[in-house]
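Chain by chain, the residues:
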Amino acid sequence: TLFRSLHPRQALHGRGLPPGSMDPMGDMAHDPRFPPGLIQLLIRNYSVPIACVSKPPRAAQLIQQLGTLEFAVLGLLSSLTVLSIILFIEDAFYLARKVRCPLKSNTLIWSSAAPTVIAGCSCLGLWIPRSMMFVEIGIGVYFSVCFYLMLLIMIQGFGGKEALLKTLKDKPLAIHTGPCCCCCPCLPPMKMTKKKLNLFVLGVFQLAFLKPFFAFIGLLLWTDGLYDTDDVSATSTALWINTSLGVSTIFALWPLAILFREAKLHMAEQNIVPKFATFQTLLILTTLQNSIFSILGNAGQIACSPPYSSKARSQLMGNHLLIVETFIVAVVVRVCYRKSDDSTGYGLLPPATQIQDVKSGKD
């Protein structure tokens, strides 16, 4: 086996971990790219730290191994997370008081919580490094629900489904928009009907349903050793699940993009443009940015730094950056969501031309 020829204390001493801090036999990370014999050769002959081929440290081990600078960074990032939570709580109380319609109020509160939830989960991942898979699942599940919440914000901003249909009944809707049909300008516009609106809702809701469902299935398979996010082979269960969710995300974005084209004309006074912009920003940060760090970590382009392996360090760097970014987004969210609404319920919005006339009259 890998470490039988080495005394445990000798194997650990001078290899990036203090004696007694980690069990080398129990904490070895499984990597199908490197056979055990090669790993043994690297440790024996090239002084490769054991931490570089091991699982991330446990929370108790992490506290013992971090230095003053690392603790200062964790403390700063934890403080930013706490500030994000405070901003959200204050904004939630404001929306609960100033938005008279309870449906609108609840939708706005849950949607504005997205950057705070992402920051909180990422902070937990910093203090408990081995929980990163669960952290990513939690962030993904909540943000999939945010897709549906953003759709509800648009529908409720119009005044409900019936008001939306009345407002857009004579308006041709351009469907050649991203991410599905941005390269098809020849597609004819469509007229909004009740059936098509229900299809739009179903197209967004399918992601909010499939993401938690596949997450649950993945956790069940993980307990049996059949779900490994690091496995990118053709037979990988995780690869097929993530590919299916990627297609589902694309189909959920398409109806949102179509409705947003009209919402920004009729709901300009409700700050729909900055709300949708923050939603898109969080989508990029939680998908594209994390994917980049994951690819770099799996390819070994991010150097191992005990007690973190290359993969664990890529996740650590991604969480560091994500907490800072979501704190900035949380400040922006507080500004664009902080708007009173005295309407008691749903009602038909005036046409966009009337809104523009009212604005010009005020000017």
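Above this text is the structure in question.
Every value quoted in this text rests on a predicted model; they were computed, and no experiment measured them.

(A) Up close: the overall build of the protein chain. The helix and strand inventory of the protein chain stands at 13 helices and two strands. Within the span of the protein chain, comprising 363 residues, buried residues form 43% of the whole. Long-range contacts, defined as pairs at least 24 residues apart, comprise 77% of the intrachain contacts of the protein chain with a sequence gap of at least 6.

(B) Quick look at helix α11 (residues 272-298). For α11, built from 27 residues, the straight-helix expectation of 39 Å at 1.5 Å per residue is met to within 8% by its first-to-last C-alpha distance of 38 Å. At Leu-285, α11 shows its largest bend, some 30°.

(C) The nonpolar core, seen in detail. Residues Phe-147, Met-154, Met-192 and Leu-256 are the most contacted members of the largest nonpolar core, which totals 54 residues. For this core, the element with the most residues is helix α7 (residues 132-158), which contributes 13 residues. Sequence-distant contacts of Leu-256, defined by excluding residues within four places in its chain, comprise Phe-147, Met-150, Leu-151, Met-154, Val-204, Phe-276 and Phe-279. Residues Leu-62, Leu-74, Leu-80 and Ile-323 belong to the second largest nonpolar core, which totals eleven residues.

(D) Highlighting the environment of Ile-139. Note that Ile-139 resides in helix α7. Sequence separation between Ile-139 and Ala-119 is 20 residues; the distance between their C-alpha atoms is 9.2 Å. Excluding its chain neighbours within four sequence positions, the residues that come into contact with Ile-139 are Ile-118, Cys-121, Ser-122 and Thr-286.

Analysis parameters
Residues numbered from 1 in each chain as written. Predicted model: local features only at pLDDT ≥ 70, side-chain atom pairs only at ≥ 80, totals over all residues. Heavy atoms only, no water. Helix = DSSP H or I, 4+ residues; strand = E, 2+ residues; numbered from the N terminus. Buried < 20%, exposed > 50% of the residue type's maximum accessible area, 1.4 Å probe, protein only. Contact = heavy atoms within 4.5 Å. Expected span 1.5 Å × (residues − 1). Bend = angle between axes of the 7 residues up to and from the residue. Core = buried A, V, L, I, M, F, W, Y, C linked by side-chain atoms within 4.5 Å.

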